[in-house]
Amino acid sequence: MTAPTETAVKALRQPTLETLGLGTVLEIFKHGKLPVDAASQVEAVFGPEEDRGSMVISGASGIVGAGKTMQFASRLEPYGVRLVALDFPGAPDGIGAKYDGLVRSFGREGADRIMSSIVRLAYDGRTLPAELRGLKPRFLLEAIPEILAIKRAHYGLFRQAFPELEIRSVTSGFPARELGVGVAHPAFPHEINKVFETVEDEPSEVTRLLWSLGLIPLPVSDDWSFILDVLFCGITLAALRYHRATNMPYWKIDKYVRRLVGPNPFRAHDAIGAKGADFLTWSCLHHLSEEYGELFTPTPELVERKDTGQDWYPPNHFRPVVDWGMGPEEEAAFDAWILGPLFQMTSLMLHERRGHLTHMNAIGELCAQFRKGILALMRQHGPDGVRQTVERYHRLFPAAAGSAWHPEAVSDMSTPEWQQLYVNAEHDGRVGVVTLARESYNWDVDAELNRALDWLRNEGIERIVVTGDFHISTQMVGADTGEFFAAMEDLESGLAITRGWSRTARRLHDDFLVSVAFVPGKRCLGGMLELLMHCHYLVAVEDARFGWPEVTLPVVPGMEACHWPLRRADEEGRRRILEMLLTGRPVKAADALGWLVDGAGPMDDALQEAWRLASETSPGAENRPVAEGPLEGIADAVPPLPVADSPLVEEGRRAIMACVTGACGTSAAEALEVQARQAAEFLAGAACRNGAVGAEFVKTIRI
């Protein structure tokens, strides 16, 4: 008798997990466990516990090496993997400088334990230390200077001593075919950012190890400078070319680039360390220009700074002396100088198929600090807008027109790959899974979520799970406050958010027979929690933290937190929810059972509970219905509160409580409009302008 075959999974677009050889998100729920776990991957890479090898980081005292030493040591120490930090005898102590950060993250005892797992060895660059053999190296992460001949000699030295050693380079620009080893290029800041661009023929045990440790490997093609440095070095070059054309100071260009796209390219070089960062940017652009032409040629200013190491920013007190603004025509030209080369460079990467479009888009946001991913930005302009922007750039800088421009690559943005950069959907014919690949909610996510829900309904799916993507989005941090900027000056823009996003959230409750929210990461806050609480059930890993920090900004929650969860909770639950709303304090999932969360446990148990609820394979938690009519006595449920930290927090409390009483004092049907208007009016008011969101608005928009 043959076993029944598993129903095939149908997806709106390819799940990014498949690029790692880890299957689909729906399969994770059906199997009730993650596709791989850290313990098994540690054994696959470093050997069994009784014969466990070590990880070597060469160049470990540098900025990249020291950051990665901390990141890997903190994750591998529990599994008995020693971290060997290898560098020259006179190298600065980059590792010791990270100790205070470890203490802040893990406490002194934990930091001491992690540091004790690190073995520091010095070598002369020509011979390896004799002690290294006894540490049984299994994996080398190379972080030495970006000089190809030196890197190749370095690999030869290790391969001669340890023929079976896995080697990956953190190179910013050299393809694997030039290096002779695979690539694991990390994003800055190196001890915090989890993203690695990986280059290898097939997904390896090393890449799956990264994923199992909570890091974010993103496979990219074997082309010069991969994706991150084409974008980051590209925007730096665009800013430099604008400087040559106008003589605008670098710090002033940064302000306009920040408003237009998000990052401060010159300030970032200074923050990383101008001499090293300038060399890396020059190296990437130099090799790109040799491969692709004048589009990438470094400017003389970059060549000079590469040689001198001089910072881009002058002392602060010089800036106001030369400050000025731009008129509309000048700003339009500025947009072309910056966006034109970015769009053209991205067309090249699309032509070469450098990566999954969701990966390419995410790299710009997670690594290069773009406020909106480059593909989402191009999608906003549309194919004609992209072409017109590049063509205007060519009129300003004709040398770029001769190569590396592929307008055909942006001609069709109607495909699911373009349309679903952040939100995907899968189903097996009966149960659907909606995955969010962005940590904060914005208009792009809102539109894509609606398209995903429409697709599932058209496919006849009535039961869904809504969750993160188990890959790019490792947490859910709330609404993207950058979307509030327009609302601070225009009430109708605020109402568009508070009405529109709330209507999308209600679809999770109204449009499906069963909807289950699942939180697999360490936190779910603000607008993301507001979104997921609309599902019929909310299940999470037990140590996930939930919270509404809006009062600390201050902002009035605009996706129905001021009434929807209160309508589903008992008296004690209402007290706890009001405490969350009015203090901003988070709660653990395990402590919120019955009044906010319907299921919490270790990962496997939580996955299985979510699947039971969605598929109705066996009885699960009891659904907490929504009270459709007005709620009585809601003001009496407010618990004693600590003294507010500031007058702004006190004002936020008053506004949130006014929204609670107004929205709870009417029916659920009418409450959407009540809360939408009060939240939007607060966004446009003085308290919000004087708070954290207002400060970011001034920093970003007001130049």
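Residues numbered from 1 in each chain as written. Predicted model: local features only at pLDDT ≥ 70, side-chain atom pairs only at ≥ 80, totals over all residues. Heavy atoms only, no water.

Colleague: Sorry if this is basic, but what is going on with the overall build of the protein here?
Modeller: Regarding its fold elements, the protein presents 27 helices and 20 strands. On C-alpha atoms alone, the protein measures out to a radius of gyration of 26 Å, which is about the 27 Å that the 2.2 N^0.38 rule sets for 703 residues. For the protein, the C-alpha atoms occupy an extent of roughly 75 × 70 × 55 Å along the three principal directions. Counting every position in the protein, which comprises 703 residues, the buried fraction comes to 60%. At a minimum sequence separation of 6, the contacts of the protein that also span at least 24 residues come to 76%. As displayed, the protein offers around 27100 Å² of accessible surface, 51% of which is attributable to carbon and sulfur atoms. Placing the 70 positive and 95 negative side-chain charges of the protein at their respective mean positions leaves the two points 3 Å apart. (Helix = DSSP H or I, 4+ residues; strand = E, 2+ residues; numbered from the N terminus. Rg over C-alpha atoms; globule rule 2.2 N^0.38 Å. Buried < 20%, exposed > 50% of the residue type's maximum accessible area, 1.4 Å probe, protein only. Contact = heavy atoms within 4.5 Å. Areas by Shrake-Rupley, 256 points an atom, 1.4 Å probe, with all protein chains shown as cover. Lys, Arg positive; Asp, Glu negative; His and termini not counted. Charge placed at Lys NZ, Arg CZ, Asp CG, Glu CD.)

Colleague: Would you explain the sheet that holds strand β8 (residues 195-199) in this entry?
Modeller: Pairing between the strands of a sheet comes from backbone hydrogen bonds, and it takes one of two forms, parallel or antiparallel. Across the sheet, 8 strands lie side by side as β4-β3-β2-β5-β6-β7-β8-β9; this open sheet has mixed pairing. Each edge of the sheet is formed by a strand with only one pairing partner; in this case those strands are β4 (118-122) and β9 (216-219). Each strand of the sheet is rotated relative to its neighbour by a mean of 25°, with strand direction disregarded. Across 2 bridges, the pairing between strand β6 (residues 166-169) and strand β7 (residues 182-186) is parallel. Along β7, the bridge assignment pairs R168 with G182. (Pairing = 2+ DSSP bridges. Axes fitted to C-alpha atoms, helices over the stretch in contact; angles between N-to-C directions.)

Colleague: Explain the confidence of the model for the protein here, please?
Modeller: Low-pLDDT stretches of the model should not have their predicted coordinates read in fine detail. The share of residues in the protein with pLDDT of 70 or more is 97%, and the mean pLDDT across the chain is 95. Confidence drops under a pLDDT of 50 for residues 1-5, and excluding neighbours within four residues, the segment shows 0 contacts in the predicted structure. (pLDDT = per-residue confidence, 0-100.)

Colleague: When you look at the domain arrangement of the protein in this model, what are you seeing that I'm missing?
Modeller: By a frequent convention, interface size equals the accessible area lost on bringing the separate parts together. The domains assigned to the protein are domain 1 (38-219), domain 2 (227-416) and domain 3 (422-700). Placing the centre of domain 1 and that of domain 3 at their C-alpha centroids yields a distance of 39 Å. On the domain 3 side, the residues contacting the 6 residues of domain 1 number 5 residues. Summed over both sides, the interface of domain 1 with domain 3 buries roughly 430 Å², with 57% coming from carbon and sulfur. Viewed at the interface, domain 3 and domain 1 are joined by 0 salt bridges. For the pair domain 1 and domain 3, the number of links is 2 residue pairs in polar contact (both at pLDDT 80 or more). For the side of domain 1 that touches domain 3, the element with the most residues is β9, which contributes 3 residues. Considering only residue class, the side of domain 1 that touches domain 3 consists of 4 nonpolar, 1 polar and 1 charged. (Domains from an automatic or database assignment. Buried area = accessible area lost by both parts, 1.4 Å probe. Salt bridge = Lys/Arg side-chain N within 4 Å of Asp/Glu carboxyl O. Polar contact = N/O pair within 3.5 Å; in protein donor to acceptor, adjacent residues only side chain to side chain. Nonpolar A, V, L, I, M, F, W, Y, C, P; charged D, E, K, R; others polar.)

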